[in-house]
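# Survey of secondary and tertiary structure
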Amino acid sequence: MFGLVFVLGFLLRPIEVIPLIALLLAYLYINGNNKNKLIVSSIIIISICSSYTLTNKLLKKYSPDNSKNLPVTHFIMMGLHENGEWNQKDIAYTMSYDTKREKIEANVNEIKRTLKEYGISGICKHFIDKCSITWADGTSNYEYRLQYVNDGSIFYNSIIGQKSHIMKIYCQSFRIVTCIFIIISIISQIRKKDLDWRNLFSLILFGAIIFYFIWEGKSIYSIPFIPFMLILMTNGLDIFTK
């Protein structure tokens, strides 16, 4: 069942596998003896491989023509360009190739070219820029999602209208405070030799940061991870007040 959920989650939205991977790692390293860990690992790996094989066969049978789909490599390529956000030029570039194999080859060549052009310092700068886009925006760019709402009520004015600056300041301040206490929680975890429940949420958050460095970046992508951030923030606050 774990393998099937893992594969389906990846096919629907690749980021879904991050919590599953973190859960697996936490289980293997926090609970059980070495023998049980080996058995569980083997079962899960076999389950994932068999589920992936079965799912691929079903996709080829019921959806044989996937040449018009954007391959995974496209989003990695797009994530390396400019600030890493959605780029219509990259879509036009990928779709200019007919088959899926041609699209992948073109994307891979462009990825190699971009990495070579960046160099180590350029990649580090790009990583910082993408983190600031995906994780530093406390509003998660909610204005974009609400741009077509226009009811003129007091709530509208306070959230997205002329008086929304107070709401934005609050959101950004809360995100800054959240990040500070997350850092406190992580420092505490590093100092503590034994693994505990906090490591699971830290792994999820760390995995998401790495994933969105590789993938396309967008401020709204941080929203699914806010619950994990709040849990770590609460732990950091508890440590700070003791």
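### Focus on the nonpolar core
- Core analysis: the biggest nonpolar cluster contains 24 residues, and Trp135, Leu205, Tyr212 and Phe225 have the highest contact counts within it.
- Listed by contribution, the elements that provide at least two residues to this core are α2 (17-30), α4 (72-80), α9 (165-191), α10 (197-214) and α11 (226-241).
- When residues of this core are assigned to their parent elements, the largest contribution, 7 residues, is made by α10.
- Discounting chain neighbours no more than four positions away, the residues touching Leu205 are Trp135, Ile182, Phe225, Met229 and Leu232.
- Grouped together as the second largest cluster of nonpolar side chains are 9 residues, Val17, Leu28, Val40 and Ile48 included.

### Some thoughts on the side chain of Lys103
- Summarising the element assignment, Lys103 is placed in helix α6 (residues 100-134).
- Here Lys103 occupies a buried position and makes no salt bridge, while the nearest side chain of opposite charge, Asp98, is found at 6.2 Å.
- There is a polar contact of 2.6 Å between the side chain of Lys103 and the backbone oxygen of Tyr97.

### Description of the environment of Thr55
- With respect to the secondary-structure elements, Thr55 resides in helix α3 (residues 34-62).
- Taking C-alpha positions, Thr55 is 7.9 Å from Val7, a pair spaced 48 residues apart along the chain.
- Aside from chain neighbours lying at most four places away, what touches Thr55 is Val7 and Leu11.

### Observations concerning the pattern of salt bridges
- One pass over the full model with this rule turns up 4 salt bridges.
- Between Arg113 and Glu110 there is a salt bridge, and its shortest N-O distance comes to 2.6 Å. Taken together, the residues span about one helical turn, with Arg113 and Glu110 both in helix α6 at a distance of 3 residues.
- The class for Glu110 is buried, based on a relative accessible area of 14%.
- A salt bridge links Glu216 to Lys218; the nearest nitrogen and oxygen atoms lie 3.8 Å apart.
- For Glu216, a relative accessible area of 2% puts it in the buried group.
- We classify Lys218 as partly exposed; its relative accessible area is 26%.
- One continuous salt-bridge network, built from bridges that share partners, spans Glu110, Arg113 and Glu117.

### Section: the packing of aromatic side chains
- Scanning all chains against the criterion turns up 11 aromatic pairs.
- Seen from their ring centres, Phe181 and Phe240 are 5.7 Å apart, and the 70 degrees between their planes marks the pair as edge-to-face. Taken as a pair, Phe181 in helix α9 and Phe240 in helix α11 lie far apart in primary sequence, 59 residues in all.
- Accessibility expressed as a relative area gives 56% for Phe240, which makes it exposed.
- Judged by centre distance (5.1 Å) and plane angle (85 degrees), the rings of Phe211 and Tyr212 are edge-to-face. Tyr212 shares its class with Phe211; the two are buried.
- Chaining the aromatic ring pairs together yields one cluster made of Phe75, Phe211, Tyr212, Trp215 and Tyr221.

Procedures and definitions
- Residues numbered from 1 in each chain as written.
- Predicted model: local features only at pLDDT ≥ 70, side-chain atom pairs only at ≥ 80, totals over all residues.
- Heavy atoms only, no water.
- Core = buried A, V, L, I, M, F, W, Y, C linked by side-chain atoms within 4.5 Å.
- Buried < 20%, exposed > 50% of the residue type's maximum accessible area, 1.4 Å probe, protein only.
- Helix = DSSP H or I, 4+ residues; strand = E, 2+ residues; numbered from the N terminus.
- Contact = heavy atoms within 4.5 Å.
- Lys, Arg positive; Asp, Glu negative; His and termini not counted.
- Salt bridge = Lys/Arg side-chain N within 4 Å of Asp/Glu carboxyl O.
- Polar contact = N/O pair within 3.5 Å; in protein donor to acceptor, adjacent residues only side chain to side chain.
- Phe/Tyr/Trp six-rings, centres within 6.5 Å; stacked < 30°, edge-to-face > 60°.

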